[in-house]
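# Fold and contact review
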Amino acid sequence: MHILDERSFKRVESVKTRDYFKNCSVLSGKIICGECGSVYTRQVRKLSGGDRIYDWMCARYREFGRKTPNQYKPWVSNRTSVRFSEEGCDNITIKQETVYKVLNDIKCEYFGSDNQLIGDTIGLLKESIERCKKDDTMQKEIENIEYEIERLNETIRNLTENMLDGVISKETYKDMVKRYEEERMEWDSQLSGMKGKGDKVKTLEDRIRDIEAALNEETLEEATISSILEYIDKIYVYTDRFEITFHMDKVLSVENHELLKELESSSRLVYMIAKEDMKYKRNALDKTNEIIYNAIKENSKIQIQELAELTGLSRTTIHFRIQRFKELGYLGHRTEPGRKKEWEIYRELDSGIERVDAG
Ligand SMILES: [Zn+2]
């Protein structure tokens, strides 16, 4: 019975391959509630289509519920199912997607040309492929053992013939058969031990599919996130922003000057979370964004620092706004090997410009 179409099958495969990396999320223990200091833990939501969405929420909230009614959602707070407790926490729940987006942005902005990071990412992908190959090695071992068993069976058959022909005595025959059978039993138990690991033994086709899946986009993203997390100490979540701290020794060791400059003043990178983002809405652009957009359009090599000076906003805010532009499909980066990255305009600014409170 053929249930899955090719796309769904690939998705299933990629989930399997991602499990090769680690059983738990790469973000485990990294996200901390800025309000109460508890860790954020992950919860899986299964959509009707079978897709999974991961949400991260404060462990304290998860255990004790909210501390106070939600002023933004009084209709929710009034439900009897909503728990309130002195030990609770009011901090927000965030989608994993949102965290990944911020981490990807940090990677593009500060580690875009970082060979160390690219190397790490490739290393993680190789690891995943190695795991696929290990299965291959196991298959070969099984084949070897099966060959050994067959060889012993053959020897025993020959002995029987020799015995019947009177070449060897019955006593010698018994002794030798006993020895060979003991050897065969050893091989047999080894073999069943290996086969006991069941689905790890795969056909060549399965293994190729695993390797393909290891190279798909989702896994690449996971590898990128893992390698950037090497540099990140903690991600603190507040109701309106992320504050990100780094392992300074690691940042110093790769001499990431851009990032060091940014961390000089506050030692944390701040990323605002738009209210619209929490409600998972997409929004349009305001006047300042128009200035940013036009400046990029005029000069495809303009730096974040220059945009900050032009608008009087902080680099972080500029960063946040550009993130919105990218999300909405207005612009992106053109990167060619050996060249500094350049902006690329994808579409014209819409006329219906709304105000965005970027914080
Ligand atoms: Zn909390």
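Residues numbered from 1 in each chain as written. Predicted model: local features only at pLDDT ≥ 70, side-chain atom pairs only at ≥ 80, totals over all residues. Heavy atoms only, no water.

## With respect to the pattern of salt bridges
A complete count under the given rule lists 18 salt bridges for this structure. One salt bridge in this structure joins Arg334 and Glu342, with 3.2 Å as the shortest N-O distance. (Salt bridge = Lys/Arg side-chain N within 4 Å of Asp/Glu carboxyl O.)

## Some remarks on the coordination of the zinc ion
Bound to the zinc ion on the protein side are Cys33 (SG), Cys36 (SG), Cys58 (SG) and Cys89 (SG), at distances that span 2.2 to 2.3 Å. In this structure, the zinc ion is coordinated by four donor atoms arranged in tetrahedral fashion, with angles at the metal of 96 to 116°. Along the chain, the residues donating to the zinc ion are arranged with the sequence spacing C-x2-C-x21-C-x30-C. With Cys33 in strand E1 (residues 31-33) and Cys58 in strand E3 (residues 52-58), the pair connects residues that are 25 residues apart, well separated along the chain. Note on accessibility: Cys33 and Cys58 belong to one class, buried. (Donors = N, O, S within 2.8 Å, 3.2 Å for Na, K, Ca; no water. Tetrahedral: all angles 85-135°; square planar, octahedral: opposite > 155°, others 65-115°. Helix = DSSP H or I, 4+ residues; strand = E, 2+ residues; numbered from the N terminus. Buried < 20%, exposed > 50% of the residue type's maximum accessible area, 1.4 Å probe, protein only.)

## A short note on the confidence of the model for the chain
Confidence along the chain averages 77 in pLDDT terms, with 74% of residues attaining 70 or more. When mean pLDDT is compared element by element in the chain, E1 scores highest at 96, while helix H1 (residues 6-21) scores lowest at 45. Within the model, the stretch residues 1-5 combines pLDDT values under 50 with two contacts to residues more than four positions away or in other chains. Every residue in residues 279-285 is under pLDDT 50, and counting partners more than four places away or in other chains gives 23 contacts. (pLDDT = per-residue confidence, 0-100. Contact = heavy atoms within 4.5 Å.)

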